[in-house]
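Reading the structure
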Amino acid sequence: MKAIVNVALKQGVLDDQGKATHHALDTLGFKELVKNVRIGKQIIIELNSTDKESAKEEVTKMCQKLLANTVIEDYDIEIVG
Amino acid sequence: MKISVLQFPGTNCEYDAKYAFEQLGCVVEIIWHKEKQIPSDTDLLVIPGGFSYGDYLRSGAIARFANVMDSVQSYAANGGKVLGICNGFQILLEAGLLPGAMKRNDSLHFISKYHTLKVINTDNKFLSLMKKDQVVNIPVAHHDGNYYIDEAGLKELEENNQILLKYCDKDGNLVNMNGSLLNIAGICNKERNVFGLMPHPERAIEELLGSVDGVNMLKGFLQ
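Residues numbered from 1 in each chain as written. Chains lettered and ligands numbered in written order. Predicted model: local features only at pLDDT ≥ 70, side-chain atom pairs only at ≥ 80, totals over all residues.

**Some points on unusual backbone geometry**
Residues and elements named next belong to chain B. The test is simple: In this description a helix means any DSSP run of H or I spanning at least four residues, a strand means any run of E spanning at least two, and both kinds are numbered starting from the N terminus.
Of note, Tyr53 is a non-glycine position whose phi angle comes to about 50 degrees, a positive value. With respect to the secondary-structure elements, Tyr53 resides in the loop between strand S3 (44–47) and helix H2 (68–77). For Asn183, which is not glycine, the phi dihedral falls at a positive 65 degrees.

This is the structure we're talking about:
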C-alpha cells in the first residue's frame, strides 16, 4: 500500500514558482489556455499496512508533524494499492 | 559569557559564529545535534546558518526534530536567550519558537550580497546598542528568506514591537529584496528572548570583510 501526499502553498499565499511558471507558459504560446499555475510537491510513502483507514490517520499525523508546514501549506492524502 | 553554538549536518556558519563571539571575549562551545542537553552554563544559544540536512523537504524542517532541540525548547521556555541566524532563523520558525514561515525568495534566486537593514526596534537585548532607524550594512545569503505570516499574526508582531529589522536602501527607505512581508529581515518572540534574522551579523565584524556593523548587534547580548 502507498500513501500519495500532495503538499502545496495554501490558497492566498503567493506562489512565486507557480507565477514564474505561468509566465513562462504564457510566453511559450499557452496564454489563452492557462488560467493559473500552482506548484507543490508529491511525497510517495510505501507503507507496511493493509488497513487504509488507520494508514490515513497515521499519514495525517506525518503531514502535521513534518511533511507540511501548515502555516503556509495545505496537504492532501490518497491511499492506493 | 558562555555561548553554545549548535551544529547539524550541513551547518556551515558555526565557526564564523564561534570566531565572532570569541573576538568579543566569550567562551564558545560547538554543540553537536545528537547531544541531549545544551551546557547548563549557556548564557546565549546560537543556531547558526547553513543548510541543515541539505534543506531537504523545507529549510529547517528536519533539524527541528534533532535530539538537541528538546533541550533548546526547554531552554527557551525558561527564558534562555536564543539567536537564530539565517538557517537558524528558519529552524526557529519550523520549531514554533518564532511565529510565521519562510517561503522561497520571490525572485526564486539565491541572494548573496551585502544589504542595508533598518533597525526598527531597540527595546530588546539584541539591538539595545543600536539606534532606532539606524541603517546598518550586513550580508545576506539565502534562498528561502521570504517571510510569511497570516494577517492576524502580522498584526500581533507589529503591536508587540516584535519586528526588529527590515530591508532598506542605504538612505533608509524600505525595499523589498526577497518578497518578505513588510520587508521583514528579523523578528523576536513575544517574550523577547528568542531572536531570528536572515542577515549574517557574524560576517560583518571586520573592516577587511566590508563592514563592522554586526559587532554592536552581537555585543547587545553581552550587556
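Moving on, there is more to tell.
**Observations concerning helix H2 (residues 52–67) of chain A**
Residues and elements named next belong to chain A. Formally: Expected span, for any helix, means 1.5 Å times one less than how many residues it has. Residues are called buried when their C-beta atom has 20 or more other C-beta atoms within 10 Å, exposed when it has 12 or fewer, and partly exposed otherwise; all C-beta atoms are positioned from the backbone. Note that the arc is computed from the directions linking the helix axis to the C-beta atoms. By the convention adopted here, residues are in contact when the distance between their C-beta atoms, placed from the backbone, does not exceed 7 Å.
Look at H2: only 19 Å from first C-alpha to last across 16 residues, short of the 22 Å you get at 1.5 Å a residue. Along H2, the residues that are buried comprise Val59, Cys63 and Leu67. Down the axis of H2, the sector holding all buried residues measures 55 degrees, keeping them to one side. In this structure, H2 carries Glu53, Ser54, Glu57, Lys61, Gln64 and Lys65 as exposed residues pointing more than 90 degrees from its buried face. In this structure, the buried residues of H2 make contact with strand S1 (2–9), strand S2 (40–46) and strand S3 (73–80).

**Some words on helix H1 (residues 14–23) of chain B**
Residues and elements named next belong to chain B. If you check which residues of H1 are buried, you get Glu14, Ala17, Lys18, Ala20 and Phe21. For H1, the angular spread of buried residues about the axis comes to 165 degrees, placing them on one side. Lining the buried residues of H1 we find strand S1 (2–7), strand S2 (27–32), S3 and helix H5 (214–220). The first or second residue beyond H1 is Gly25, which carries a positive phi of 90 degrees.

**Here's the deal with the interface of chain A and chain B**
One widely used convention gives an interface's size as the accessible area the parts lose upon coming together. Basically, it comes down to this: Note that Gly is not counted as nonpolar here; it falls among the polar residues with everything else outside the nonpolar set of Ala, Val, Leu, Ile, Met, Phe, Trp, Tyr, Cys and Pro and the charged set of Asp, Glu, Lys and Arg.
The interface of chain A with chain B comprises eight residues on the first partner and 11 residues on the second. With three residues, the top contributor of residues to the side of chain A that touches chain B is helix H1 (residues 16–30) of chain A. Split into classes, the residues belonging to the side of chain A that touches chain B amount to five nonpolar, two polar and one charged.

**Examining the environment of Ile205 of chain B**
Residues and elements named next belong to chain B. Among the secondary structure elements, Ile205 is positioned in the loop between strand S11 (194–197) and H5. Sequence spacing of Ile205 and Lys166 is 39 residues, and the spatial spacing of their C-alpha atoms is 20 Å. Not counting the four nearest positions on each side in its chain, Ile205 is found in contact with Ala20, Gln23, Val212, Gly214 and Val215.

**Some details on the environment of Val34 of chain A**
All names here are of chain A. With respect to the helices, strands and loops of the structure, Val34 is situated in the loop between H1 and S2. Taking the C-alpha atoms as reference points, Val34 and His23, 11 residues apart in sequence, are found 9.6 Å from one another. Residue contacts for Val34: discarding those within four places in its chain leaves His22, Leu25 and Asp26.

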